[in-house]
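# Secondary and tertiary structure notes
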Amino acid sequence: MGKYEILALENPLLDIQAVGDQALLDKYGLKPNDAILAEEKHMGIYEDLINRKADFNAGGAAQNTARGAQYILPEDSVVFVGCVGKDKYADLLVEANKKVGLHTVYRVDEEQPTGRCGVVITGHDRSMCTDLAAANCYKVEHLKENWDLVKQAKLYFVGGYHLTVSVPAIMALAEEAAKENKIFMLSLSAPFIPQFFKDQLDQTAPYWDYVVGNETEARSYAASHDLNTEDIPTIARHLAQLPKANSQRKRTVIITQGTDPTVVAVQDEDKVHEFPVHAIDKSEIADTTGAGDAFAGGFVAGVAKGESLKTCVDMGQWLAHLSIKELGPAYPFPKQTY
Ligand code: ADP
Ligand code: MG
Ligand code: MG
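Notes on the structure in this doc start here. Not measured: the values here are computed from a predicted model. (Residues numbered from 1 in each chain as written. Chains lettered and ligands numbered in written order. Predicted model: local features only at pLDDT ≥ 70, side-chain atom pairs only at ≥ 80, totals over all residues. Heavy atoms only, no water.)

## Quick notes on unusual backbone geometry
Of the consecutive residues F333 and P334, the connecting peptide bond is found in the cis state with omega at 0°. Relative to the helices and strands, P334 resides in the segment after α13 (309-324). Residue D76 is not a glycine yet carries a positive backbone phi of 55°. By the secondary structure assignment, D76 is in the loop between α3 (61-72) and β5 (78-84). At S189, a position not held by glycine, the phi torsion is positive, near 75°. Tracing the backbone shows S189 in the loop between β10 (183-187) and α8 (192-196). Here S189 falls in the buried class, since its relative accessible area comes to 13%. (Helix = DSSP H or I, 4+ residues; strand = E, 2+ residues; numbered from the N terminus. Buried < 20%, exposed > 50% of the residue type's maximum accessible area, 1.4 Å probe, protein only.)

Here's what the structure looks like:
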């Protein structure tokens, strides 16, 4: 592995997570299992969660993935870029990332505070409400200033949530990957991305060497693109066959479905693979927040190491399991090895 072989881009967020109830969900019009961007009417939720003895965790989907990949890989393998504010929350994020050895190169916004993600836990469900704040101020110029890191990396991982922030930054990585035959991987992140940021998402599609998402995101994609199907293998095969910019790499589509098998489709292959999830005892589940992010972290670490598809999926599931046993999107210490 070379130094900073993986470069990840998305929104660095602080998770403010507490156990809630139906009344709290109703107060802000939230679904039990969803991820949305906060509007003015949602801004009280962070105070409400803090009043319910919230935990503060380093979050941001792709930042969780980047920490996960670094957790597995040799020192100095992963660098994460995004935008934070000039505050103690940003220091908390840097600390949490340092703990697993994840290197951060943040743009620091002078005006906006670090972004927050309110996480309302009700039973096994979690509803996320994100106030992007500084995370929304990422600029492609910051990427250009750090182009040596872009050049150094061989794999770019972009969280789909960033499609609401800086499409130019995403496209700069996508085009660089195609030009240099490097790997470009995107996560679908949340159902609202294919639904409300369809054009932005579609602009990146030709560049996907890998695209990863869960079953609700895949179905949201199918609905917004009029595929007239909810069948996950069919959707995965459709995504695999979309036009591709770099013909030197075949596209791989990975759809996780919680405890149901992980579905993988590869461009030009008829067979869609299904990898069963290793059962985990209910008593061992602390919190499934970030299971998909952790899966992506394990998977991307496998890709960076040049492992087989089967091993990459297994590494993803292994890391997802470790993360589920922790509170918040975190990984256990002392470090476990795959
Ligand atoms: P997301 O967190 O994006 O909704 P999933 O729920 O599909 O993603 O979870 C991603 C992966 O995490 C699954 O493929 C599986 O390996 C693992 N996982 C999630 N929930 C469980 C669970 N309850 N038991 C065992 N594995 C799980
Ligand atoms: Mg899920
Ligand atoms: Mg997810």
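On we go from here.
## Some points on the sheet that holds strand β8 (residues 125-131)
Across a sheet, strands are paired by hydrogen bonds formed along the backbone, either parallel or antiparallel in direction. Strand order in the open sheet formed by five strands is β3-β8-β7-β2-β4, with mixed pairing between adjacent strands. Since the sheet does not close on itself, it has two edges, and those belong to β3 (34-37) and β4 (55-59), each with one partner. Averaged over all pairs of adjacent strands, the angle between their axes in this sheet comes to 25°, without regard to strand direction. As paired elements, β3 and β8 share four bridges and run parallel to each other. Directly across from I36, in β8, lies its bridge partner C129. Strands β2 (13-19) and β4 of the sheet are contacted by α3, whose axis makes an angle of about 75° with β4. (Pairing = 2+ DSSP bridges. Axes fitted to C-alpha atoms, helices over the stretch in contact; angles between N-to-C directions. Contact = heavy atoms within 4.5 Å.)

## Details of a nonpolar patch on the surface
The grouping of I50, F56 and L92 at the surface amounts to a nonpolar patch, some 230 Å² of accessible area in total. If you trace the backbone, I50 turns up in helix α2 (residues 45-51). (Patch = residues over 30% accessible without salt bridge, like charges linked within 9 Å, V, L, I, M, F, W, Y side chains within 5 Å. Areas by Shrake-Rupley, 256 points an atom, 1.4 Å probe, with all protein chains shown as cover. Salt bridge = Lys/Arg side-chain N within 4 Å of Asp/Glu carboxyl O.)

## Considerations on the side chain of H273
Tracing the sequence through the fold places H273 in strand β14 (residues 273-275). At a separation of 3.4 Å, a polar atom in the side chain of H273 contacts the side chain of E269. Beyond its immediate chain neighbours, meaning those up to four positions away, H273 contacts T262, V263, V264, V266 and L309. (Polar contact = N/O pair within 3.5 Å; in protein donor to acceptor, adjacent residues only side chain to side chain.)

## Overview of the nonpolar core
Here is a general trend for soluble globular proteins: nonpolar side chains tend to be buried in one another's company. Counting 63 residues, the largest nonpolar core has L7, L173, F184 and W208 as the members making the most contacts within it. With eight residues, the top contributor of residues to this core is helix α7 (residues 167-180). Those residues in contact with F184 that lie beyond four places of it in its chain are Y156, V158, I170, L173, A174, A177, Y207, W208, D209 and Y210. If you look at the next biggest cluster of nonpolar residues, it comprises 56 residues, including L73, L102, V313 and A320. (Core = buried A, V, L, I, M, F, W, Y, C linked by side-chain atoms within 4.5 Å.)

## Things to note about the layout of surface pockets
The gaps of empty space that remain are located by a probe, the size of a water molecule, rolled over the atoms. Space inside the second largest pocket adds up to approximately 270 Å³. Along its surface, the second largest pocket is lined by 17 residues, and A58, R67, A96, K99 and A330 are the ones closest to its centre. For the lining of the second largest pocket, the elements supplying multiple residues, two or more each, are β4 and α4 (88-100). For the lining of the second largest pocket, the element with the most residues is α4, which contributes four residues. Along the lines of polarity and charge, the residues of the lining of the second largest pocket split into 12 nonpolar, two polar and three charged. (1 Å grid on protein atoms, 1.4 Å probe; cavity = no way out; pocket = protein on both sides within 12 Å on 5 of 7 lines; lining within 4 Å. Points joined across faces, edges and corners; volume = space filled by probe spheres on them. Nonpolar A, V, L, I, M, F, W, Y, C, P; charged D, E, K, R; others polar.)

## Quick notes on the pattern of salt bridges
Taken as a whole, this structure holds 13 salt bridges when the rule is applied. The residue K151 makes a salt bridge to E176 at a minimum N-O spacing of 2.7 Å. Taken as a pair, K151 in helix α6 (residues 147-152) and E176 in helix α7 lie far apart in primary sequence, 25 residues in all. With its nearest N and O atoms 3.4 Å apart, the salt bridge here joins K325 to E284. Of this pair, K325 sits in the segment after α13 while E284 sits in the loop between β14 and α12 (291-304), and the two are 41 residues apart along the sequence. With a relative accessible area of 37%, K325 lands in the partly exposed category. One network of salt bridges, in which partners are shared, links K151, E176, K179 and E180.

## Overview of the packing of α3 against α12
Running from N to C, α3 and α12 point in directions that differ by 45°, and their axes come no closer than 7 Å. The angle between α3 and α12 places the two elements in the oblique class. As α3 runs across α12, the sense of the crossing is right-handed. Contact residues: A61, N64, T65, G68, A69 and I72 in α3; D293, A296, G297, G298, V300 and A301 in α12. Tallied by class, residues from the contact of α3 with α12 come to six nonpolar, five polar and one charged. (Parallel < 35°, antiparallel > 145°, perpendicular 65-115°, else oblique. Left-handed = near helix turned anticlockwise from the far one by under 90°.)

## Quick word on α7
Taking 1.5 Å as the rise per residue, α7 with 14 residues should run 20 Å; its terminal C-alpha atoms sit 20 Å apart, in good agreement. Turning to α7, its buried residues number three or more, namely V167, A169, I170, M171, A172, L173, A174, E176 and A177. For α7, the secondary structure elements touched by its buried residues are β1 (6-9), α5 (140-145), α6, β9 (155-159), β10 and α9 (198-204). Among the residues trailing α7, N181 stands out with phi positive, at a value near 55°. (Expected span 1.5 Å × (residues − 1).)

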